[in-house]
Amino acid sequence: MWALITGASSGIGMEAARIFAKNGYNLFLVARRSERLEGLKLELGTSVEVVTAPLDLSMAENIDELFLRVEELDIDIDVLVNNAGVGEYGEFMNSDIEKQIKIIDLNVKTLTHIARVLGDKMKKRGCGTIVNVASTAAFQAVPYMAVYGATKSYVLSFSLALSAELEESGVTVVAFCPGATKTEFQEVGSLKTSKFRGKLLGSETVAKLLYKAAHGNRRLVVTGVYNKLLVFSSRLMPRYFIAKLVKKSYEA
């Protein structure tokens, strides 16, 4: 069995790699930082086969390179974990637009492209699982992280639609929505967390929930009781009112 995990050099992706390996999966790991990937490969030892691909997936040519490497290895991907993502905190009108476009490229275009190509191969085989990592940010507008929140809303909607389309195909699609997690993600994007976020789960805990989601029968998974309550309550209030509450929660 093979699992392909993007964003595997840290956080949820790295912990997911460890858990999948522990459960006997061979791994195809993708991330920008080659030294992190190689370190993880050495750590996992020889109990499973580990292939690394140090690629910046926000660049279209590198997505093609990823597909080429999968073809050259002649392997079937049983589980795709579309985990690579990036965000940035700050007012949109004061932001670097190139960085915002890169967020869209990675969080939306790359995820969609990989799901299309590898998902098609799964459909032809009649089996496979796609786990698209969204976020609890997918359920409401997120002032100060406007583009990031919007991309995660896309991931949620796209995943649920794709799950319905593939319902009779043997391919499972899961929208996995963690809340704020203890990872490097906040540091890389200079991100703040909401004052109303509750207790942060560790990346290992979230990765275990991701593995369970990949092998369960639920098509939408939100991590943590507090996050589930927030998601439920967001359905009961006007969307703009929620946006204003979120804005207040992120302000210093």
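Let me sum up the structure you'll find in this document. As the structure is a prediction and not an experimental result, all values here were calculated from the model.

Bringing the packing of aromatic side chains into the picture now. Applying the stated criterion across every chain yields a total of five aromatic pairs. Note on Y89 and Y144: the rings are 5.7 Å apart at their centroids and 40° apart in plane angle, and the pair reads as tilted. One end of the pair, Y89, is in the loop between β4 (79–82) and α4 (97–125); the other, Y144, is in the loop between β5 (128–133) and α5 (146–165), and 55 residues separate them in sequence. When sorted by exposure, Y89 lands in the same class as Y144, which is buried. Taken together, a centroid distance of 5.6 Å and an interplanar angle of 10° make the contact between Y154 and F158 stacked. On the criterion of helical spacing, the pair formed by Y154 and F158 is a turn pair, its members being four residues apart in helix α5. For Y154, a relative accessible area of 30% corresponds to the partly exposed category. Among the aromatic residues, ring-to-ring pairing joins F20, Y25 and Y211 into one connected group.

Moving on: the pattern of salt bridges. When charged atoms on two side chains of opposite charge get close, those side chains can pair. Considering all chains together, one arrives at ten salt bridges under this definition. The residue R18 makes a salt bridge to E15 at a minimum N-O spacing of 2.8 Å. Linking R18 with E15, this pair stays in helix α1 (residues 11–22), spanning three residues, or about one helical turn. Here E15 falls in the buried class, since its relative accessible area comes to 15%. With a shortest N-O distance of 2.5 Å, K121 and E71 are connected by a salt bridge. Taken together, the residues span a long stretch of sequence, with K121 in helix α4 and E71 in helix α3 (residues 60–73) at a distance of 50 residues. Of the residues examined, K121 reaches a relative accessible area of 32% and is grouped as partly exposed.

Cut-offs applied
- Residues numbered from 1 in each chain as written.
- Predicted model: local features only at pLDDT ≥ 70, side-chain atom pairs only at ≥ 80, totals over all residues.
- Heavy atoms only, no water.
- Phe/Tyr/Trp six-rings, centres within 6.5 Å; stacked < 30°, edge-to-face > 60°.
- Helix = DSSP H or I, 4+ residues; strand = E, 2+ residues; numbered from the N terminus.
- Buried < 20%, exposed > 50% of the residue type's maximum accessible area, 1.4 Å probe, protein only.
- Salt bridge = Lys/Arg side-chain N within 4 Å of Asp/Glu carboxyl O.

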